[in-house]
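Take a look at the letters that make up each chain.
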Amino acid sequence: TQMAEGWKGKPALEAVTVKDWPAFKLRGYMHDVGRSFISIDELVKQVELFSRFKVNTFHWHLTENQAWRFEVKKYPQLTAASSMTRFAGKYYTQEQCAELETYAAERGVIIIPEIDMPGHSQAFKTAMGHSMQTDEGVEELKNILDEVAAVFKNAPYIHIGADEETISYPDFLRIMTDKVHALGKKVVVWNPIRGVSISKNAGFDMTQMWSTSGTKVAGIPNIDCRYNYTNHFDVFADLVGIYKSSIYYQDKGSTEVAGTISACWN
C-alpha cells in the first residue's frame, strides 16, 4: 500500500536482480541399460524429471556383458537377440537415441553415452566372435565410435569405460582416446583403471571415480561417483549414507571436481 501511494496510486513492484548458480556444474544420473532394459518412453519421462530437479546430465551406460543396446548399422549382430543374455532383442535404434538427445537438450540435459571397452564386453565377444583387444576388435570399435558420434551430435563427451579388465593390447586406450578426439568429442573414463595410471598426460578429458580407491586426477575435471550404487546393499541405509555424504569433500565445485553422478546399476 505504501509503495502504491508513493507512485501516486499506481501499483508497483520493487525491481531486484537475483544471481544464483549451482554449487557443482555436473549433476547427473546414470542408468545401466546393458544389464537391464528401460523403454525409450520411460527414459523420456525420466529426462523430464531430471530437468525439473536440475539434474543436467544423463549418463547412458549402453553396453555390458549381458547385452549391447546401441544399434550399430555396420554390425547388426551386436543387437541380435542371440548376442544377449538378458532382455534379449531389446535395444535402442539410432533414431531413438538421437530423438532422446534432442528432447534432453531442449530441457538443459546433456547425454553422455558410454560404450564400455575393453571390459564389460562379453556381448561384443559373443556377437563378433573375438574380443575387443584384438586387431579386428580395435578396428570395429573405431567404426562403432564413428556411429556413436554421428548419432549423439550434441554430446560433448563419449565415455569409453576402461574399467575392471586388465588392458593388454598395446596402446589400446590411447588409440581409442585419439579416435574420440578425432571425432570432435572429449573422453571420459572410469577411475581407477586396472593396471593403468591415469593422468592428464594420458589424454583423458574427465574421469569418473567409481570406488573408494578413486582419487581425483590433477588438471582435469573429475566426477565423484564413489558412493556409486543407489541399489547396492541396504536400499534404506545406503541411500541415507549417500544423501549425507559430500561431493569429494567439497561444498562447491572446482576445475578438478565437476560434480557427481548417482548410479543405478539396474
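Everything discussed here concerns the structure shown above.
Note that this is a predicted model, so its numbers are computed, not measured.

Definitions and cut-offs
The residue numbering used here restarts from 1 in each chain and proceeds along that chain's sequence as written. Only residues with pLDDT of at least 70 are given local features in this predicted model, and only at 80 or more are side-chain atom pairs given and counted; all residues enter the totals for whole chains, interfaces and linings. Calculation of side-chain values draws on the structure's entire complement of heavy atoms; hydrogens and water are dropped beforehand. We count a stretch as a helix when DSSP gives it H or I for four or more residues in a row; a strand needs E for two or more, and each element gets its number in order from the N terminus. Using a 1.4 Å probe on the protein chains alone, a residue whose accessible area is under 20% of its type maximum counts as buried, one over 50% counts as exposed, and one in between counts as partly exposed. Reported accessibility uses the Shrake-Rupley method at a 1.4 Å probe radius. Residues are deemed covered only where the shown protein chains occlude them. The positive count covers Lys and Arg only, the negative count covers Asp and Glu only, and His and the chain ends enter neither. In this description, the location of a charge corresponds to atom NZ of lysine, CZ of arginine, CG of aspartate or CD of glutamate. Two strands pair under a simple rule: DSSP has to find at least two bridges between them. Axis definition: a line fit to C-alpha positions, over the contact stretch in the case of helices; interaxial angles, taken between N-to-C directions, run 0 to 180 degrees. In this analysis, two residues are considered to be in contact whenever any of their non-hydrogen atoms come within 4.5 Å of each other. Throughout, nonpolar core names a set of buried Ala, Val, Leu, Ile, Met, Phe, Trp, Tyr and Cys residues whose side chains join them through atoms within 4.5 Å. Note that the term roughly parallel is reserved for angles under 35 degrees, roughly antiparallel for angles over 145, roughly perpendicular for angles of 65 to 115, and oblique for everything else. By convention, the crossing between two helices is left-handed when the near helix turns anticlockwise from the far helix through less than a right angle, and right-handed when the turn is clockwise. A carboxyl oxygen of Asp or Glu within 4 Å of a side-chain nitrogen of Lys or Arg is what we treat as a salt bridge. Whenever a pair of cysteine sulfur atoms sits within 2.5 Å, that pair is classed as a disulfide. Polar contact is defined as a pair of N or O atoms within 3.5 Å, subject to the rule that within protein one atom must be able to donate a hydrogen and the other to accept it, and that residues adjacent in sequence are counted only when both atoms are side-chain atoms.

S.K.: Whenever I open this one, the overall build of the protein chain confuses me. Can you help?
M.R.: Assigned secondary structure in the protein chain consists of seven helices and eight strands. Counting only C-alpha atoms, the protein chain reaches 85 × 40 × 35 Å along its principal axes. In the protein chain, buried positions account for 47% of the 266 residues. As displayed, the protein chain has an accessible area near 13,600 Å², and 54% of this comes from carbon and sulfur atoms. The distance from the centre of the 28 positive side-chain charges to the centre of the 32 negative ones in the protein chain is 6 Å.

S.K.: Looking at this structure, I do not really get the sheet that holds strand β2 (residues 57-61). What am I missing?
M.R.: Note on sheets: strands pair through backbone hydrogen bonds, and any given pair is parallel or antiparallel. Spatially, β1-β2-β3-β4-β5-β6-β7-β8 is the arrangement adopted by the eight strands of the closed barrel, whose pairing is parallel. Neighbouring strand axes in the sheet, compared pairwise and without regard to direction, differ in orientation by 30° on average. Across six bridges, strand β1 (residues 26-32) lies against strand β8 (residues 257-264) in parallel orientation. Within β8, the residue paired with R27 across the bridge is T260. The strands touched by helix α2 (residues 40-52) within the sheet are β1 and β2, with β2 carrying the most contacts at an inclination of about 150°.

S.K.: Looking at this model, I keep getting lost on the nonpolar core. Mind explaining?
M.R.: Here is a general trend for soluble globular proteins: nonpolar side chains tend to be buried in one another's company. Judged by nonpolar contacts, the single largest core of 54 residues is most densely connected at W60, W68, Y92 and F152. The element best represented in this core is helix α5 (residues 135-151), accounting for seven residues. What W60 contacts, discounting residues up to four positions off in sequence, is H31, V33, I40, L43, Y92, C97, L100, I111, I112, P113, E114 and F152.

S.K.: Explain the packing of α5 against helix α6 (residues 172-182) to me, please; I cannot follow it from the model alone.
M.R.: Geometrically, a packed helix pair is captured by the angle between its two axes and the distance between the axes. The N-to-C vectors of α5 and α6 enclose an angle of 25°; their axes lie 10 Å apart at closest approach. Between α5 and α6, the angle is such that the two are roughly parallel. In this structure, the crossing between α5 and α6 has a hand that is right-handed. Residues V138, L141, K142, L145 and D146 of α5 touch α6, and the partners they reach there are F172, I175, M176, K179 and V180.

S.K.: Any chance you could explain the pattern of salt bridges here in plain terms?
M.R.: Note that side chains of opposite charge can pair when their charged atoms are close. Using the criterion set out here, one finds 11 salt bridges in the structure. Between K73 and E71 there is a salt bridge, with the nearest N and O atoms lying 3.5 Å from each other. Where salt bridges share partners, they join D32, R35 and E64 into one cluster.

S.K.: Explain unusual backbone geometry here, please?
M.R.: Glycine aside, negative phi is the norm for most residues, and most peptide bonds take the trans geometry. Residue M117 is joined to P118 through a cis peptide bond whose omega torsion reads -5°. Considering the arrangement of structural elements, one finds P118 in the loop between β3 (110-117) and α4 (122-128). In this structure, the amide linkage connecting N191 to the following residue, P192, adopts the cis form with an omega of 15°. Positionally, P192 belongs in the loop between β5 (186-191) and β6 (206-209). Its identity as a non-glycine residue notwithstanding, H120 has a phi of 50°, on the positive side. Checked against the element boundaries, H120 lands in the loop between β3 and α4.

S.K.: For this particular structure, what's the right way to read the state of the cysteines?
M.R.: When the sulfur atoms of two cysteines share a covalent bond, that bond is a disulfide. Following the criterion strictly, the structure yields zero disulfides and no others. The cysteine C264 is free of any disulfide, with C225 supplying the nearest cysteine sulfur at 11 Å. By relative accessible area, C264 is classed as buried at 13%.

S.K.: Looking at this model, I keep getting lost on the environment of Q96. Mind explaining?
M.R.: The residue Q96 is located in helix α3 (residues 94-106) in this model. With a relative accessible area of 26%, Q96 lands in the partly exposed category. Residues Q96 and E71, 25 residues apart in the sequence, show an inter-C-alpha distance of 9.7 Å. Non-local contacts of Q96, meaning those with residues more than four positions away in its chain, are made with I40 and Y91. From its side chain, Q96 meets the backbone nitrogen of T93 in a polar contact 3.0 Å long.

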